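# Residue-level structure breakdown
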Amino acid sequence: MKEFIHIRTSERDILPPEEKENRLLARLAEIPSLIVAVSGGADSAYLAWAAHEALDARSLSVTALSPSYSAHDRAVVEEFVGKLGVRHEFIETHEMENPAYRANAADRCYFCKDELFSALDELAQSRGFAAVAYGVNADDTLDFRPGHRAATEHQVLAPLLDASLSKAEIRHLSQRAGLPTWDRPASACLASRLPYGTEVTPERLGLVERGETALRALGFRQFRVRLHDKLARVEIAPDEMPRALAPEMAAAIADGLKAAGFAYVALDLEGYRQGSLNETLSTAGRRSAKAARGT
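These numbers come from a predicted model, not from an experiment.

Scanning the entire structure with this criterion turns up 0 disulfides. We note that cysteine 109 lacks a disulfide partner, and the nearest cysteine sulfur, in cysteine 189, lies 5.9 Å from it.

Next up, the structure:
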């Protein structure tokens, strides 16, 4: 199902988002039954809602729990499925048992998604579900995302991408549907806070999670705590940066991060940007990583 993971230029790209949603719901309704991988972000939550609308009890949303999945994200998912009445289950995944995942090379996400989709394939087979889907959208392939290859190998459907829905359109449609996740800040697994080559361990993931919990308690909304040994490099969204730079708040950030376990705290003056650790990957390095995985 490679057509689901490559952006295509077609008449659907210029359709209004409401028409794209109608086509999405119609396409989902044609599937006998479906498991949706749900992380709690705006995209997967919208897909879970759409599948619930189109298939009702023939859809099941599933969230994978592991050391790289934060307690905050779990709470968001629990609130979402409880409010919307979406059929949902938690399962456990074991990517930490894979040395290739823990090594944290540039293709780490491939091993994570391979573990996730293997678990969902097994669940689908045991429960009699016809397919598995995930929430990649039309904007996601603009960044370096090795997890897409795992989705291809497992023949995972990508209905939002197939409908040419962008992130902005998904947020618009989610707000229109009354979904509480419509304006949720971009999220990613805790392992994405570790520079490539830094081994992924439960201890490091826990340190990052405690640090981000401290920032959340200070009222920040869009941020990342990037781990560099004993240093926390804090990325704050540009619109929240003036507040972070105020002397009293800067001191509170430092105190909170040190209490979480960091020895040093630095505020990144470029602010939050999605996938900032990919900036360390040279073009040649990206090509090498893709060639090694046959992508």
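All told, the structure shown has 18 salt bridges when counted by the stated rule. A salt bridge links arginine 184 to aspartate 73, with the shortest nitrogen-to-oxygen separation between them at 2.3 Å. One end of the pair, arginine 184, is in the loop between helix H8 (167-176) and helix H9 (202-217); the other, aspartate 73, is in helix H3 (residues 71-84), and 111 residues separate them in sequence.

Turning our eyes to something else, we now look at the confidence of the model for the chain. Detail in the predicted coordinates should be disregarded across regions flagged by low pLDDT. Looking at the chain, the pLDDT average stands at 90 and 87% of residues meet or exceed 70. Below pLDDT 50 for its whole length, residues 1-9 participates in 21 contacts with residues either more than four positions away or in separate chains. Segment residues 283-295: pLDDT under 50, and 12 contacts once partners within four positions in sequence are set aside and those in other chains are kept.

A few words on the packing of aromatic side chains. A complete count under the given rule lists 3 aromatic pairs for this structure. Taking 5.4 Å as the distance between ring centres and 80° as the angle between the ring planes, the aromatic pair formed by phenylalanine 117 and tyrosine 134 counts as edge-to-face. Of this pair, phenylalanine 117 sits in helix H5 (residues 108-127) while tyrosine 134 sits in the loop between strand E4 (131-133) and helix H6 (147-153), and the two are 17 residues apart along the sequence. When its relative accessible area of 0% is taken as the criterion, phenylalanine 117 is described as buried. Looking at arginine 74, its charged tip hangs above the ring of phenylalanine 90, at a distance of 4.4 Å from the centre. Taking NZ or CZ as reference, arginine 243 lies 4.6 Å from the ring centre of phenylalanine 220, over its face.

In terms of nonpolar packing, the biggest core is built from 48 residues, with Ile35, Phe117, Leu120, Tyr134, Leu215, Phe220 and Leu257 touching the most fellow members. Sorting elements by how many residues they give to this core places H5 first, with 9 residues. When neighbours within four sequence positions are excluded, leucine 215 is seen to be in contact with Phe220, Phe223, Val225, Val234, Ile253 and Leu257. The next biggest cluster of nonpolar side chains, apart from the first, holds 30 residues, and it includes Ala50, Ala51, Val86 and Ala163.

The 3 strands are arranged E5-E6-E7 in an open sheet whose pairing can be described as mixed. Of all strands in the sheet, those bounded by a partner on one side alone are strand E5 (223-228) and strand E7 (264-267). Averaged over all pairs of adjacent strands, the angle between their axes in this sheet comes to 25°, without regard to strand direction. Sheet topology note: the strand E6 (residues 231-236)/E7 ladder contains 4 bridges and is parallel. When the bridges of E7 are listed, valine 234 appears paired with leucine 267. Each of E5 and E6 is contacted by H9, which is oriented at about 145° to E5, the strand it contacts most. The strands that helix H11 (residues 247-260) touches are E5, E6 and E7; relative to E7, the one it contacts most, it runs at about 140°.

On to the pairing of E5, then. A large share of E5 lies buried, amounting to 5 of its 6 residues. Inspection of the sheet shows E5 paired to E6 by 6 bridges, in the antiparallel sense. Within E6, the position partnered with phenylalanine 223 by the bridge is isoleucine 236. Where E5 hands over to E6, the hairpin turn is made up of 2 residues, of which aspartate 229 adopts a positive phi near 60°.

In space, the 4 strands of this open sheet follow the order E3-E2-E1-E4, with parallel pairing throughout. Either end of the sheet is taken by a strand with one partner, and the two such strands are strand E3 (88-92) and E4. The average angle at which neighbouring strand axes cross in this sheet is 30°, direction not considered. Pairing of strand E2 (residues 59-65) with E3, which is carried by 5 bridges, proceeds in the parallel orientation. Bridge assignment links valine 62 to a residue of E3, and that residue is glutamate 89. Lying over the sheet, helix H2 (residues 42-55) contacts strand E1 (34-37), E2 and E4, oriented at roughly 165° with respect to E1.

Criteria and cut-off values
- Residues numbered from 1 in each chain as written.
- Predicted model: local features only at pLDDT ≥ 70, side-chain atom pairs only at ≥ 80, totals over all residues.
- Heavy atoms only, no water.
- Disulfide = S-S within 2.5 Å.
- Salt bridge = Lys/Arg side-chain N within 4 Å of Asp/Glu carboxyl O.
- Helix = DSSP H or I, 4+ residues; strand = E, 2+ residues; numbered from the N terminus.
- pLDDT = per-residue confidence, 0-100.
- Contact = heavy atoms within 4.5 Å.
- Phe/Tyr/Trp six-rings, centres within 6.5 Å; stacked < 30°, edge-to-face > 60°.
- Buried < 20%, exposed > 50% of the residue type's maximum accessible area, 1.4 Å probe, protein only.
- Lys NZ or Arg CZ within 6 Å of the ring centre and 35° of its normal.
- Core = buried A, V, L, I, M, F, W, Y, C linked by side-chain atoms within 4.5 Å.
- Pairing = 2+ DSSP bridges.
- Axes fitted to C-alpha atoms, helices over the stretch in contact; angles between N-to-C directions.

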